[in-house]
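Here is how the chains run, residue by residue.
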Number of protein chains: 2
Amino acid sequence: VESVGEGVTDLQPGDHVLPVFTGECKECRHCKSEESNMCDLLRINTDRGTMLSDGKSRFSKDGKPIYHFLGTSTFSEYTVCHVGSVAKINPAAPLEKVCVLSCGICTGFGATVNVAKPKKGSSVAIFGLGAVGLAAAEGARVSGAARIIGVDLNPNRFEEAKKFGVNEFVNPKDHNKPVQEVIAEMTDGGVDRSVECTGSVQAMISAFECVHDGWGVAVLVGVPSKDDAFKTHPVNFLNERTLKGTFYGNYKPKSDLPGVVEMYMNKEL
Amino acid sequence: VESVGEGVTDLQPGDHVLPVFTGECKECRHCKSEESNMCDLLRINTDRGTMLSDGKSRFSKDGKPIYHFLGTSTFSEYTVCHVGSVAKINPAAPLEKVCVLSCGICTGFGATVNVAKPKKGSSVAIFGLGAVGLAAAEGARVSGAARIIGVDLNPNRFEEAKKFGVNEFVNPKDHNKPVQEVIAEMTDGGVDRSVECTGSVQAMISAFECVHDGWGVAVLVGVPSKDDAFKTHPVNFLNERTLKGTFYGNYKPKSDLPGVVEMYMNKEL
């Protein structure tokens with residue numbers, strides 16, 4: 001932090017912070033809710049592009065304004081953020097490592113540990129083994145899941161995924177039936193939890209339909225296309241399954257991110 | 001109970017019981033799970049039609065077998081049930097009243113208190129004000145919900161519903177926009193919980209889409225048609241909403257039903 005604005009009391013120059021694409025004003029009904037992290041003031045808004053205080057941008061080139069992106073605009077060397085969009089962290093944390101916690105990594109990890117909440121010894125399917133999916137798998141590993149089934153169309157991702165606890169793999173291309181049926185056969189009826197990290201609506205449907213009747217929970221993380229429709233037979237719900245979505249892994253950035261950085265510092269991640 | 005079969009230890013002649021359309025064997029993985037009540041042995045099976053012990057029916061007319069229905073066949077004066085399909089209850093309970101707990105009433109009441117779990121002071125929308133919906137509303141009342149919004153196409157049901165705690169009403173026919181939009185306007189963005197008790201897939205979609213971002217939970221109770229498709233934009237999930245279905249209100253019949261009868265006896269219902 002180079003300088004802080006008037007009235008800012010929880011930060012001072014020299015603090016180490018992570019700017020986060022969603023914010024936490026601490027005053028709206030979402031911030032005051034125990035369940036939500038979708039701050040009314042600072043949640044993701046690609047239309048805004050300016051600072052809340054004066055409706056202006058802080059960047060320009062050749063006299064023309066360059067607008068803010070997701071409240072952080074961190075592709076510049078210096079940036080200006082709303083105080084609610086930065087989380088103060090341990091100054092000993094290596095910024096070039098922990099910066100990934102500002103977006104996808106917390107999104108995937110939190111989707112598993114905060115939302116899917118797999119029990120020790122349970123089974124978890126992870127759809128998509130990109131960075132977000134690997135973080136979701138790590139969440140399952142930290143939670144003590146016994147079976148972590150990685151699903152991806154690209155088998156080159158499987159070896160790397162083993163480092164994050166994935167211990168079984170399914171490539172939908174290897175089967176001539178829907179992947180949810182393959183997983184149901186592997187797991188005597190379905191997995192206990194699934195986490196979808198692809199953004200493909202077909203993967204979302206498979207992730208929901210591959211969880212077990214009676215207790216299965218599916219969590220959607222990927223960002224779908226504007227015109228996508230999630231479609232399933234309602235009996236899949238009546239058989240006591242749960243479908244949830246999540247946003248930034250349900251983490252409240254200012255409140256929770258410092259603790260995730262500490263987990264990294266303690267080598268728990 | 002008139003007589004009990006060999007090896008039955010938890011019942012004896014003279015006990016008062018309620019036969020329940022789903023059972024509880026107490027030994028399968030569903031019965032052993034804390035979350036599920038979908039007993040692998042005795043869950044609803046309209047194809048079975050016979051007793052598990054010998055694969056035969058216990059009824060006949062003019063020498064031809066009459067098959068069992070849902071494990072209970074309670075439209076006869078006497079019936080024969082698997083021990084897992086009857087719940088022993090307080091012998092002082094009036095059977096002509098508490099018999100309704102064997103099906104829809106527990107389904108609706110349990111959907112609210114066991115699955116939707118509204119907090120004190122919260123808002124709940126109930127879709128469908130038939131017997132199941134009124135029981136769901138009663139669950140919201142007992143949970144301390146402040147706003148209980150009843151949705152039904154038949155306004156003749158509204159007066160009766162007030163006795164079960166419903167204190168606001170929406171008739172979708174009175175509006176020229178989707179009922180989920182009407183409810184969002186009434187509640188500054190959506191209700192905290194909704195319970196769908198109609199079986200109409202359109203009501204299921206509305207019930208899901210009328211809950212609030214960040215913490216809203218919708219519970220499906222109604223039995224849909226075979227060809228129905230539940231369809232919504234996946235962003236509705238990513239905004240941190242939850243959709244669950246339920247079966248018999250998540251009650252385990254032998255374990256939980258006696259307690260619901262006690263609630264009735266204590267005038268809590």
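An unreviewed UniProt entry annotates chain A as Alcohol dehydrogenase of Prunus armeniaca. Comment text from UniProt for chain A, heading Cofactor (unreviewed entry), reads "Zn(2+)".

**Here we look at the UniProt feature "domain: Alcohol dehydrogenase-like N-terminal" (unreviewed entry) in chain A**
Within this numbering scheme, the UniProt entry marks residues 1-89 of chain A as carrying the feature "domain: Alcohol dehydrogenase-like N-terminal" (unreviewed entry). As a span, residues 1-89 of chain A carries 4% helix and 13% strand, and end to end its C-alpha atoms are 11 Å apart.

**Digging into the UniProt feature "domain: Alcohol dehydrogenase-like C-terminal" (unreviewed entry) in chain A**
Those residues carrying the UniProt feature "domain: Alcohol dehydrogenase-like C-terminal" (unreviewed entry) are residues 131-263 of chain A in this numbering. Within the segment residues 131-263 of chain A, helix and strand shares are 37% and 17% respectively, and the terminal C-alpha atoms sit 18 Å apart.

**Regarding helix H3 (residues 104-116) of chain B**
Residues and elements named next belong to chain B. At Gly110, H3 shows its strongest bend, of approximately 40°. Summarising burial for H3: 10 of the 13 residues are buried, a large majority. On the buried face of H3, the contacting elements are helix H4 (131-142), strand E8 (193-196), strand E9 (217-220), strand E11 (242-245) and helix H9 (253-265). Of the residues trailing H3, Lys117 is marked for its positive phi of about 50°.

**A word on the domain arrangement of chain A**
Residues and elements named next belong to chain A. The domains assigned to chain A are domain 1 (17-88) and domain 2 (104-250). A straight line from the C-alpha centre of domain 1 to that of domain 2 covers 30 Å. Taken together, the contact between domain 1 and domain 2 spans 7 residues of the former and 4 residues of the latter. For the pairing of domain 1 and domain 2, the buried interface totals around 560 Å² over both sides, and the portion due to carbon and sulfur atoms is 67%. Run the count over domain 1 and domain 2 and you get 0 salt bridges. Applying the counting rule to domain 1 against domain 2 returns 2 residue pairs in polar contact (both at pLDDT 80 or more). Split into classes, the residues belonging to the side of domain 1 that touches domain 2 amount to 4 nonpolar, 2 polar and 1 charged.

**Observations regarding the environment of A:Ser225**
Mapped onto the secondary structure, A:Ser225 falls in the loop between strand E9 (217-220) and strand E10 (230-232). The spacing of A:Ser225 and A:Ser200 is 25 residues in sequence and 8.0 Å in space, taken between C-alpha atoms.

**Points about the packing of helix H3 (residues 104-116) of chain A against helix H4 (residues 131-142) of chain A**
All names here are of chain A. Between H3 and H4, the shortest axis-to-axis distance is 7 Å and the interhelical angle comes to 35°. The element H3 and its partner H4 pack so that their crossing is right-handed. On H4, the residues that touch Gly104, Ile105, Gly108, Phe109, Thr112 and Val113 of H3 are Ala131, Val132, Ala135, Ala136, Glu138, Gly139, Ala140 and Val142. Partitioning the contact of H3 with H4 into residue classes produces 9 nonpolar, 4 polar and 1 charged.

What counts, and at which threshold
Residues numbered from 1 in each chain as written. Chains lettered and ligands numbered in written order. Predicted model: local features only at pLDDT ≥ 70, side-chain atom pairs only at ≥ 80, totals over all residues. Heavy atoms only, no water. UniProt positions renumbered as here; feature names shortened; annotations may be inferred. Helix = DSSP H or I, 4+ residues; strand = E, 2+ residues; numbered from the N terminus. Bend = angle between axes of the 7 residues up to and from the residue. Buried < 20%, exposed > 50% of the residue type's maximum accessible area, 1.4 Å probe, protein only. Contact = heavy atoms within 4.5 Å. Domains from an automatic or database assignment. Buried area = accessible area lost by both parts, 1.4 Å probe. Salt bridge = Lys/Arg side-chain N within 4 Å of Asp/Glu carboxyl O. Polar contact = N/O pair within 3.5 Å; in protein donor to acceptor, adjacent residues only side chain to side chain. Nonpolar A, V, L, I, M, F, W, Y, C, P; charged D, E, K, R; others polar. Axes fitted to C-alpha atoms, helices over the stretch in contact; angles between N-to-C directions. Left-handed = near helix turned anticlockwise from the far one by under 90°.

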